[in-house]
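# Reading the structure
The residues making up each chain are set out below.
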Amino acid sequence: MSRIGVFVCHCGENIGRTVDCEAVAEALKDHPGVAFTEDYKYMCSDPGQQLVKKAIEENNLTGVVVAACSPHMHEKTFRRACDQAGLNQYMCEMANVREHCSWIHEDRGEATAKAIDITRTIVEKVKHNRPLESIRIPVTKRALVIGGGIAGIQAALDIADGGHEVVLVEKEASIGGHMSQLSETFPTLDCSQCILTPRMVEAYQHPNIKLHTWSEVEKVDGYIGNFNVTIRKKARSVNEDLCNGCGDCQASCPAKRIPSEFEAGLGKRTAIYVPFPQAVPNIPVLDRQNCTLFKGRRKGLAKDVCGKCQEVCLKGAVDYDTEDTFIEEEIGAIVVATGFQLYNIGREQPEGLKGYGEYGYGKVPDVIDGLQFERLASASGPTEGAILRPSDGKEPKTVVFVHCVGSRDPEKGISYCSKICCMYNAKHAMLYKHKVHDGRAVAFYMDIRAGGKGYDEFSRRAIEEDGAEYIRGRVSRIFRDGDVVKVWGYDTLSGEQVVINADMVVLATAMRPQDGVRELAQKLSVSTDEHGFINEAHPKLRPVETNTAGVFVAGACQAPRDIPEAVAMASATGAKVMSLFSADELEREPAVAIVNENTCIGCMNCANVCAYGAIEQREICTVDGHVCGHVAYVNPGVCQGCGTCQAVCLSKSVELQTFTDEQIFSEINALCYWE
Amino acid sequence: MTDVAYYPGCSLHGTSREFDESLRAVAADLGIGLAEIRDWSCCGASSGHTTDHLLGVALPARNLALAEAQGFDTVLAPCAACYNRLSAARLAIATEDGLAERMPDLLDRPFSNSVVVHNAVELLRDAAATIEQKVAVATAPNRLKGVKLAAYYGCLLVRPVEVCGYDDPEQPTSMDDVIKACGADAVDWDMKVECCGGAFSVSRTASVLRLGRAIIENARSHGAEAIIVACPLCHSNLDLRQKAMARRGEEPMPILFVTQMVGLALGLAPVDLGMSRHFVDTAPFIARLVQQATERAAAEKLAEEEAAAKAAARAEKQKVGA
């Protein structure tokens with residue numbers, strides 16, 4: 001016979017205001033199997049917990065029901081208290097009479113009756129609870145960081161400094177990400193590369209960091225502490241061990257007119273190239289799409305038409321016949337830091353986005369985006385830091401900066417604020433004015449959102465000290481009129497139309513997640529929002545965790561982020577990973593499904609519906625080793641306890657340990673029979 | 001080709017008779033049957049929908065109901081305002097709660113909102129392949145070949161996008177496609193969808209003049225020899241108001257309806273296309289086109305003859321050599 005204790009919490013006034021807690025305790029007193037009832041103002045307080053512990057010891061209780069708030073809040077608290085009193089913690093359950101009752105009802109009588117019903121159902125469930133043990137799973141203390149931008153570098157360094165191995169995967173030829181393209185950074189105007197490159201070098205030289213550039217994550221299996229990751233090392237055509245980075249191959253390459261991705265299309269590169277001088281590693285890749293030799297091979301020419309880079313390489317590092325290779329890594333935790341890309345105003349758009357016909361769909365040559373301006377302003381850029389416009393290389397005397405292009409414009413498909421543009425537009429206006437003293441910088445803005453330490457002062461400085469003209473309003477049309485770029489706008493403060501004959505226009509286009517992030521999210525079983533940003537587990541309390549245990553998120557792949565935020569997030573993921581790696585084994589709740597192998601018919605319906613890939617097929621063998629059948633097996637490390645398998649099982653052979661059919665039917669019966 | 005219900009609206013029976021004349025001539029040449037909706041009434045443009053939403057829907061809906069009752073599934077509304085009102089009514093009835101149910105009672109006739117509405121540009125764009133083919137096989141030289149034309153869409157033909165939706169609202173290309181089908185060059189210019197001043201032509205003439213001048217000047221600066229329109233109001237604002245511009249010594253710019261342009265390409269007589277009804281005299285423009293075409297034809301003929309003579313000489317030489 002069960003001896004269950006029922007503890008009714010007033011939660012101050014939260015429950016007590018609408019539910020007569022004394023009456024609930026009184027009503028449960030006579031319920032079969034209940035040995036003890038009590039109500040108390042704050043059951044979660046230390047005296048409240050003491051009350052529970054004392055009752056367990058004095059009344060020799062076999063189960064505990066706490067009628068209080070949601071199990072999300074205090075289930076852990078009371079289970080721990082039970083454990084300390086010598087009762088198996090899984091014999092304790094919460095009856096939610098706050099969120100499910102007192103908060104949503106007004107009538108005290110009816111709410112009290114409902115609270116009694118809720119508590120009774122849980123008492124009936126607890127009668128069928130069995131003592132369970134937490135699941136222990138081993139942890140591989142090696143982290144995978146996906147993305148080698150500033151967020152990925154920071155996360156990798158923090159984990160590596162903590163003494164754990166890190167595998168850092170970057171899809172481009174060099175780490176550094178977008179930060180390596182920036183000229184100066186707000187709000188201090190310090191040189192981006194000067195602060196970034198030491199980190200890049202440190203990551204490359206760190207004994208605990210294994211760096212794979214020109215590589216992508218191909219496949220992810222397993223679960224927290226025990227991931228199996230396959231990394232695709234794309235064919236580089238250059239042997240990383242032999243190459244000494246002398247640059248002879250690059251100098252010899254005849255294909256010199258390929259738009260450089262690093263220069264945002266404003267500069268040119270060769271087919272075999274190192275993206276920028278400070279690249280890490282300083283090992284070139286061969287862009288086979290644009291290589292003369294590979295173009296010839298694709299045409300089916302019998303003889304290779306080029307081969308200059310191989311000829312000049314004294315180390316014999318250039319190899320045209322390399323293929324993609326795959327590396328398997330055992331990983332305990334994953335940090336996703338894939339970063340962002342910029343919205344493109346062109347006619348060709350991914351689904352849901354529209355582009356800007358009113359700005360000529362990006363066909364006006366002197367209309368550029370923020371990253372292109374960064375390259376123009378950068379000392380290492382195509383103009384060596386001189387602000388010269390792309391069409392004719394002249395110094396523009398009037399530059400218009402347009403905020404919120406794509407961002408905050410649901411008509412064009414993006415409703416969110418990209419957050420960094422107000423700041424970088426102010427920075428651009430300043431940089432421009434510092435270089436072109438007689439120039440005119442005009443910014444069209446919706447609102448100035450300069451929240452952050454020293455941010456508002458910075459944007460005011462652009463206006464007050466550097467004389468940028470700020471016009472509150474939108475730009476309705478941009479077109480080329482001879483030598484000038486006509487900008488038609490509207491000043492909403494003066495209520496007048498504005499026409500500016502600009503020499504160059506800089507569009508602050510929206511930040512979007514990188515291409516392929518949805519596919520990556522699928523591989524990792526993490527969710528993305530409607531725009532493709534990776535969802536955090538909780539927007540306030542779990543901002544760097546995802547809904548898959550052991551997968552963390554940092555930087556602009558989660559939402560638009562500036563550098564300090566990306567770095568802070570990265571360090572937070574570092575701390576999370578370190579805490580995960582602090583023990584040899586992980587403990588988790590036994591809320592997982594268990595298959596009864598004696599009745600399982602091996603139809604594998606459960607495996608088909610499992611969203612987490614937790615179910616696999618296992619062979620059943622006879623004593624002499626012959627395979628005589630198949631059954632399903634639930635991997636307790638991966639199972640998230642959702643119960644979908646239980647719902648579809650034809651032979652009733654799979655059950656969640658904490659929500660058995662018996663328990664659920666008992667709960668329903670309790671509602672049916674007890675008046 | 002099946003007949004389409006033709007909704008001329010007031011303009012094509014009045015101030016823009018040349019749009020009606022050229023449309024009928026071109027449709028006949030392309031084998032498109034136009035059947036004017038019997039007993040059609042005002043679409044309510046401007047005054048209807050600014051007075052009352054229900055009136056603004058019911059007035060065009062009556063015409064859609066008539067077309068439906070007369071057995072059509074497509075209505076052709078060449079005037080941009082008519083097109084916009086008919087399409088907007090169709091959309092409102094399809095999407096607004098309870099509106100469709102009220103219609104039969106309100107219109108005093110059954111109505112299932114089943115006909116689609118097209119404008120003249122859509123009709124001609126869909127017939128572009130036929131136009132191209134006819135122009136290619138014509139014996140007379142194409143008067144439009146290589147002529148630079150600016151497609152001007154104005155506001156109501158492509159906007160709002162929920163109502164029109166057949167083309168890009170900011171950088172439309174449908175009329176450009178028709179221009180290209182005629183063998184002419186569609187110039188890439190900046191004011192395709194700018195405002196012509198609309199109905200302010202009477203109340204704020206100075207503003208309309210300013211807007212019209214900007215449009216004409218932009219087209220001219222991109223090399224356009226004429227502007228092609230598909231809206232009676234655009235035509236009137238650009239064509240009629242050039243009188244004032246001429247007083248300032250500005251060069252005249254012929255403004256042609258899209259149907260007139262197609263008619264010229266198809267070799268129809270200018271008089272049948274209503275070319276003489278414009279304020280900006282189109283005769284010099286057409287004369288220039290004819291002259292260019294004749295000269296080009298002559299030059300081509302000469303080149304052909306020379307080539308033939310050369311080929312003959314070569315053949316002769318080979319014969320001798322053999």
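Summarised in this report is the structure supplied together with it. (Residues numbered from 1 in each chain as written. Chains lettered and ligands numbered in written order. Predicted model: local features only at pLDDT ≥ 70, side-chain atom pairs only at ≥ 80, totals over all residues. Heavy atoms only, no water.)

## Concerning the interface of chain B and chain A
- Counting from both sides, the interface comprises 10 residues of chain B and, opposite them, nine residues of chain A.
- Counting the surface lost from both chain B and chain A, the interface buries some 890 Å², and carbon and sulfur atoms represent 40% of this.
- Interface area lost by chain B to chain A is led by Glu170(B), Gln171(B) and Asp190(B), which between them contribute 51%.
- Summed over the shared surface of chain B and chain A, the result is three salt bridges.
- Linking chain B with chain A are five residue pairs in polar contact (both at pLDDT 80 or more).
- A per-class count over the side of chain B that touches chain A returns two nonpolar, four polar and four charged. (Contact = heavy atoms within 4.5 Å. Buried area = accessible area lost by both parts, 1.4 Å probe. Salt bridge = Lys/Arg side-chain N within 4 Å of Asp/Glu carboxyl O. Polar contact = N/O pair within 3.5 Å; in protein donor to acceptor, adjacent residues only side chain to side chain. Nonpolar A, V, L, I, M, F, W, Y, C, P; charged D, E, K, R; others polar.)

## Some points on the packing of helix H4 (residues 53-69) of chain B against helix H5 (residues 80-95) of chain B
Residues and elements named next belong to chain B.
- The N-to-C vectors of H4 and H5 enclose an angle of 100°; their axes lie 8 Å apart at closest approach. The angle between H4 and H5 falls in the class roughly perpendicular. Contact with H4, carried on its side by Gly56, Val57, Pro60, Ala61 and Leu64, involves Arg85, Leu86, Ala89, Arg90, Ala92 and Ile93 of H5 and no other residues of that element.
- Residues belonging to the contact of H4 with H5 are distributed by class as follows: eight nonpolar, one polar and two charged. (Axes fitted to C-alpha atoms, helices over the stretch in contact; angles between N-to-C directions. Helix = DSSP H or I, 4+ residues; strand = E, 2+ residues; numbered from the N terminus. Parallel < 35°, antiparallel > 145°, perpendicular 65-115°, else oblique.)

## So, H4(B)
All names here are of chain B.
- The first and last C-alpha atoms of H4 sit 24 Å apart over 17 residues, in line with the 24 Å expected at 1.5 Å per residue.
- At Ala61, H4 shows its largest bend, some 25°.
- With 12 of 17 residues buried, H4 is to be regarded as a mostly interior element.
- Every buried residue of H4 is accounted for by Gly56, Val57, Ala58, Pro60, Ala61, Arg62, Asn63, Leu64, Ala65, Leu66, Ala67 and Glu68.
- Check the buried side of H4 and you find it contacts strand S1 (4-6), helix H3 (47-51), strand S3 (74-76), H5, helix H6 (99-107) and strand S4 (116-118).
- Within two residues after H4, Gly71 carries a phi angle of roughly 90°, on the positive side. (Expected span 1.5 Å × (residues − 1). Bend = angle between axes of the 7 residues up to and from the residue. Buried < 20%, exposed > 50% of the residue type's maximum accessible area, 1.4 Å probe, protein only.)

## Some remarks on the pairing of strand S25 (residues 484-491) of chain A
Residues and elements named next belong to chain A.
- Direction of pairing for strand S24 (residues 475-481) relative to S25: antiparallel, over a ladder of six bridges. The residue bridging Val475 from the neighbouring strand is Gly489, located in S25.
- Hairpin remark: S24 followed by S25, antiparallel, with two residues in the connecting loop; positive phi at Gly482, about 65°.
- Alignment of S25 against strand S26 (residues 496-502), held across seven bridges, turns out to be antiparallel. Directly across from Lys486, in S26, lies its bridge partner Asn501.
- Between S25 and S26, which pair antiparallel one after the other, the connecting turn spans four residues, and Gly495 there sits at a positive phi close to 70°. (Pairing = 2+ DSSP bridges.)

## A few points about the packing of aromatic side chains
All names here are of chain A.
- All told, the structure shown has 14 aromatic pairs over all chains when counted by the stated rule.
- Plain terms: the ring middles of Phe7 and Phe36 are 5.6 Å apart, the flat faces sit at 40° to each other, and that makes the pair tilted. With Phe7 in strand S1 (residues 4-9) and Phe36 in strand S2 (residues 34-40), this pair connects stretches of sequence that are 29 residues apart.
- On the basis of relative accessible area, Phe7 is assigned to the buried category, the value being 0%. (Phe/Tyr/Trp six-rings, centres within 6.5 Å; stacked < 30°, edge-to-face > 60°.)

## Quick look at unusual backbone geometry
- Between Phe186(A) and Pro187(A) the backbone carries a cis peptide bond, its omega angle lying at -5°.
- The omega torsion of the bond from Arg159(B) to Pro160(B) falls at -5°, within 30 degrees of zero and hence cis.
- Examined against the element boundaries, Pro160(B) turns out to sit in the loop between strand S5 (148-151) and helix H9 (174-181).
- Unusually for a residue other than glycine, Leu189(A) sits at a positive phi of about 55°.
- Relative to the elements of secondary structure, Leu189(A) occurs in the loop between strand S8 (184-185) and strand S9 (190-191).

## Let's talk about the pattern of salt bridges
All names here are of chain A.
- This model, assessed by the stated rule, comprises 58 salt bridges over all chains.
- In this structure, the salt-bridge partner of Arg232 is Glu218, at a minimum N-O distance of 2.9 Å. Highlighted residues: Arg232 in strand S12 (residues 226-233) and Glu218 in strand S11 (residues 215-223), separated in sequence by 14 residues.
- Where Arg440 meets Glu469, a salt bridge forms, and the shortest distance between an N and an O atom there is 2.7 Å. Here Arg440, found in strand S22 (residues 440-445), pairs with Glu469, found in strand S23 (residues 469-472); they are 29 residues apart in sequence, far enough to count as distant.
- You can call Glu469 partly exposed: its relative accessible area is 30%.
- Via salt bridges that share partners, Glu75, Arg79, Glu93, Lys125 and Glu589 belong to a single interconnected network.

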